[in-house]
Amino acid sequence: MNLDDEDLFRDAMGDVTPLKDCANTQWLRAPSTKEPRTAQREDEEENFLTRGFLDIIPLNTPLEYKTDGMQQGVVEKLRLGKYPLDASLNLLRQPVETCRQSLFSFMLQARKQGLRNLLIIHGKGRDDESHANIVRSYLSRWLQEFDEVQSFCVAQPQHGGAGALYVGLRKTDQARLENRERHAKRSR
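This is a predicted model, so every value here is computed, not measured.

1. A closer look at the pairing of strand S4 (residues 149-154)
For a regular strand, side-chain orientation follows a simple rule: the groups alternate between the two sheet faces. In terms of residue burial, S4 counts as a mostly covered element, since 5 of its 6 residues are buried. Strand direction decides the pairing type here: strand S1 (residues 64-66) and S4, joined by 3 bridges, are antiparallel. Looking at S4, one finds that Glu64 is bridged to Cys153. Direction of pairing for S4 relative to strand S5 (residues 164-169): antiparallel, over a ladder of 5 bridges. Each residue of the ladder has a partner; that of Val154, found in S5, is Leu165.

2. Topic: the nonpolar core
Counting residues in hydrophobic clusters, the biggest one holds 27 residues, and the most contacted among them are Leu103, Met107, Leu118, Ile120, Leu143, Val149 and Val167. When residues of this core are traced back to their parent elements, those giving at least two are helix H3 (96-113), strand S3 (117-121), helix H4 (131-144), S4 and S5. In terms of residue count, H3 provides more of this core than any other element does, 7 residues in total. Not counting residues up to four positions away in its chain, the partners in contact with Val167 are Leu78, Arg116, Asn117, Leu118, Ile120, Leu143, Val149, Ser151 and Phe152.

3. Regarding unusual backbone geometry
Positive phi outside glycine occurs at Arg93, with the angle close to 55°. Locating Arg93 in the fold gives a position in the loop between strand S2 (87-90) and H3.

4. Here we look at the sheet that holds S3
Overall, mixed pairing links the 5 strands, which are arranged S1-S4-S5-S3-S2 in an open sheet. Each edge of the open sheet is held by one strand with a lone partner, namely S1 and S2. Neighbour-to-neighbour, the strand axes of the sheet open up by a mean angle of 20°, direction not taken into account. As judged from the 4 bridges shared by S2 and S3, these two strands associate in the parallel manner.

5. Side note on the side chain of Arg100
Looking at the secondary structure, you find Arg100 in helix H3. Overall, the relative accessible area of 5% leaves Arg100 in the buried class. For Arg100, the side chain forms a polar contact with the side chain of Glu97, separated by 2.9 Å.

6. Examining a negative patch on the surface
Judged by side-chain charge, Asp4, Asp5, Asp7 and Asp11 come together as a negatively charged surface patch. Structurally, Asp11 is set in helix H1 (residues 3-13). Given the relative accessible area of 64%, Asp11 is considered exposed.

7. Observations concerning a nonpolar patch on the surface
A contiguous nonpolar patch, built from Phe9, Met13 and Val16 and spanning about 280 Å² of accessible area, is present on the exposed surface. Within the secondary structure, Phe9 sits in helix H1.

Reading guide: rules and limits
Residues numbered from 1 in each chain as written. Predicted model: local features only at pLDDT ≥ 70, side-chain atom pairs only at ≥ 80, totals over all residues. Heavy atoms only, no water. Buried < 20%, exposed > 50% of the residue type's maximum accessible area, 1.4 Å probe, protein only. Helix = DSSP H or I, 4+ residues; strand = E, 2+ residues; numbered from the N terminus. Pairing = 2+ DSSP bridges. Core = buried A, V, L, I, M, F, W, Y, C linked by side-chain atoms within 4.5 Å. Contact = heavy atoms within 4.5 Å. Axes fitted to C-alpha atoms, helices over the stretch in contact; angles between N-to-C directions. Polar contact = N/O pair within 3.5 Å; in protein donor to acceptor, adjacent residues only side chain to side chain. Patch = residues over 30% accessible without salt bridge, like charges linked within 9 Å, V, L, I, M, F, W, Y side chains within 5 Å. Areas by Shrake-Rupley, 256 points an atom, 1.4 Å probe, with all protein chains shown as cover. Salt bridge = Lys/Arg side-chain N within 4 Å of Asp/Glu carboxyl O. Lys, Arg positive; Asp, Glu negative; His and termini not counted. Charge placed at Lys NZ, Arg CZ, Asp CG, Glu CD.

Next comes the structure, spelled out in structure tokens:
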């Protein structure tokens, strides 16, 4: 500090008195000097869900998707809510990036646990530019990016109606094997 800075400092601090009772003082921890952890663990996958530009789907267009080869009867049962739900994810009033991260984690967990039928609650908006409809439009795009997703459609009113989606996932290899064994025992 030069002399001018020192004089200014003394003038500013002239009427300051030291604290007498330090027991009541709470000291805040100094911010960490370490870099935030960005490296992912080896068993974690990188989030591949797209960001950025989005074609907003109008509210009056129901969301529906099925992969090639998917039987229409299976899709119809999903649409009618006839399959028991294995898990659900609530994305109401969350920022889009949080929704993206939550969906990715949720889908990885569902794959690990071998779940088949999911409910994703995204909310309803009043107009096409509402936050809920933006999340809904992203969900339509994101779900199609997962290989496990065979189909999705609008949920029944008791599960959220137009503010939620039923998602049907592929069977895991283990579930296919168990199914084959169960049916083979019946045919004997």
